[in-house]
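Coordinate inspection notes
These are the residues of each chain, in order.
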Amino acid sequence: SVPLGFFSGIGAASKLGILIKGSTYIEALAKINTIAFDKTGTLTKGNFKVTTIQSLTTNEHELLEYASYAEYYSNHPIACSIKKAFGEAIDEQRITNTKEIAGRGIKATIDHKTVFIGNHTLMKEQGLTVAIPEEVGTIVHVAVDHKYLGYLVICDQIKPESRQVIRDLKENCHLKDTVLLTGDQEKIAHYVAKELGIDQVYSELLPQEKVTQVEKLLLASDKDHTVAFVGDGINDAPVLTRCDIGISMGGLGSDAAIEASDIVIMDDDLKKIPLAISLCRRTMTIVK
Ligand code: ADP
Ligand code: MG
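All of the points below concern the structure found in this document. (Residues numbered from 1 in each chain as written. Chains lettered and ligands numbered in written order. Predicted model: local features only at pLDDT ≥ 70, side-chain atom pairs only at ≥ 80, totals over all residues.)

1. A word on the sheet that holds strand β13 (residues 263–265)
- Read from one edge of the open sheet, seven strands run β1-β13-β12-β11-β2-β9-β10, paired in mixed fashion. A strand with exactly one partner marks an edge of an open sheet, and here the two such strands are β1 (18–20) and β10 (200–202). Sheet twist, expressed as the average angle between the axes of neighbouring strands with direction ignored, equals 20°.
- Pairing of strand β12 (residues 245–249) with β13, which is carried by three bridges, proceeds in the parallel orientation. When the bridges of β13 are listed, serine 248 appears paired with valine 264. (Pairing = 2+ DSSP bridges. Helix = DSSP H or I, 4+ residues; strand = E, 2+ residues; numbered from the N terminus. Axes fitted to C-alpha atoms, helices over the stretch in contact; angles between N-to-C directions.)

2. Examining the sheet that holds strand β7 (residues 138–144)
- Spatially, β3-β8-β7-β6-β5-β4 is the arrangement adopted by the six strands of the open sheet, whose pairing is antiparallel. Unpaired on one side and paired on the other, β3 (49–55) and β4 (95–101) mark the two borders of the sheet. Recorded for the sheet is a direction-independent mean angle of 20° between the axes of neighbouring strands.
- Pairing analysis gives seven bridges linking β7 to strand β8 (residues 147–155), with the strands arranged antiparallel. From the neighbouring strand, valine 140 faces β8, where its bridge partner is leucine 152.
- Against the sheet, helix α4 (residues 77–86) contacts β3, β7 and β8, and its axis sits at roughly 70° relative to β3. (Contact = placed C-beta atoms within 7 Å.)

3. Structural notes on the environment of methionine 266
- In this fold, methionine 266 is placed in the loop between β13 and α11 (272–287).
- We classify methionine 266 as partly exposed; it has 15 C-beta atoms within 10 Å.
- When the C-alpha atoms of methionine 266 and glycine 118 are compared, they prove to be 31 Å apart, with 148 residues separating the residues in sequence.
- Setting aside its immediate chain neighbours within four residues, methionine 266 contacts Gly17, Leu19, Gly250 and Gly251. (Buried ≥ 20, exposed ≤ 12 C-beta atoms within 10 Å, placed from the backbone.)

4. Some words on the site of ligand 1
- The full set close to ligand 1 counts 22 residues, and Thr40, His76, Gly105, Asn119 and Gly183 are the nearest of them.
- Residues belonging to the shell around ligand 1 are distributed by class as follows: five nonpolar, 12 polar and five charged.
- When we break the shell around ligand 1 down by domain, the ones giving at least three residues each are domain 1 (4–44 + 159–287) and domain 2 (49–155). (Near = placed C-beta within 6 Å. Nonpolar A, V, L, I, M, F, W, Y, C, P; charged D, E, K, R; others polar. Domains from an automatic or database assignment.)

5. Re the packing of helix α3 (residues 60–71) against α4
- It is the contact of α3 with α4, at a shortest axis distance of 9 Å, that shows an interaxial angle of 135°. Looking at the two axes, α3 sits oblique to α4. Between α3 and α4 lies a crossing of left-handed hand. Together, Leu64, Glu65, Ala67, Ser68 and Glu71 of α3 and Ala79, Ile82, Lys83, Ala85 and Phe86 of α4 make up the contact between the two elements.
- Across the contact of α3 with α4, the residue classes tally to six nonpolar, one polar and three charged. (Parallel < 35°, antiparallel > 145°, perpendicular 65-115°, else oblique. Left-handed = near helix turned anticlockwise from the far one by under 90°.)

6. Some thoughts on α4
- For α4, the complete set of buried residues consists of Pro77, Ile78, Ala79, Ser81, Ile82 and Lys83.
- As for α4, its buried residues are in contact with β3, α3, β7 and β8.
- Looking at the residues trailing α4, positive phi occurs at glycine 87, about 70°.

This is a description of form; function is not addressed.
Below, the structure is given as structure tokens:
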């Protein structure tokens with residue numbers, strides 16, 4: 001049987017907007033010493049804005065138009081920002097095919113032309129050489145019929161509370177390791193990690209590679225400690241399931257992520273994570 005103290009712990013957490021899906025996760029969270037985060041929408045607002053449009057072969061408007069048409073059926077935060085920047089009505093009949101390539105971008109058929117939009121890995125796979133801009137941001141490249149057209153730079157903002165939360169996790173909760181696992185590019189990943197004081201950074205990861213990386217963290221952690229992952233995207237479901245404690249955001253998170261997680265932060269407030277850890281540790285001292 002489950003000691004009563006666990007129920008009061010779960011109850012106290014739920015009043016704070018922290019949904020804990022069972023008493024085992026109270027015990028697990030009390031023993032946490034490594035926490036890994038997804039970047040987009042978790043540590044950052046996930047509200048991208050297009051800041052630069054750089055076309056090498058055509059006009060900027062045409063580049064943005066191809067990009068918006070290719071992204072039309074996607075609800076990825078990158079897609080939303082591009083469609084917003086374009087702002088014009090889309091003629092769906094010009095789009096005859098679209099395919100999302102997870103962690104890379106999109107392949108689409110627009111006006112019977114093959115459009116690729118996404119990161120430099122996607123372009124490299126197509127045998128295309130890309131421009132490397134100076135700016136810090138997520139670079140989205142566009143190619144049409146095997147010709148590289150140029151790129152968009154889109155920027156996200158770090159959530160105002162992220163820095164303090166990382167500090168709390170280290171200084172007040174005494175976590176040994178903070179980790180960033182992202183599908184985004186190396187330069188932006190290192191920039192965010194440095195701004196926030198995160199210890200380890202792994203970038204340009206495909207969803208499956210995030211799982212492999214979490215498995216390495218699990219191996220590095222001793223049997224008395226646990227590893228948590230915090231994420232919110234559809235892509236994050238496999239890694240949320242694989243780690244000891246999967247934590248997702250209830251407000252902005254995808255249904256798949258909420259379903260796959262053990263703990264849900266109902267209002268997306270990252271400050272609830274160190275709070276939940278303290279609460280679980282207090283609950284364990286009462287239960288024991
Ligand atoms: P994250 O780990 O930050 O949540 P994702 O796994 O969703 O990122 O995507 C990883 C990378 O793949 C993005 O940074 C982007 O370069 C590229 N990408 C993914 N989806 C799209 C899209 N719809 N349009 C353009 N690029 C995309
Ligand atoms: Mg994501």
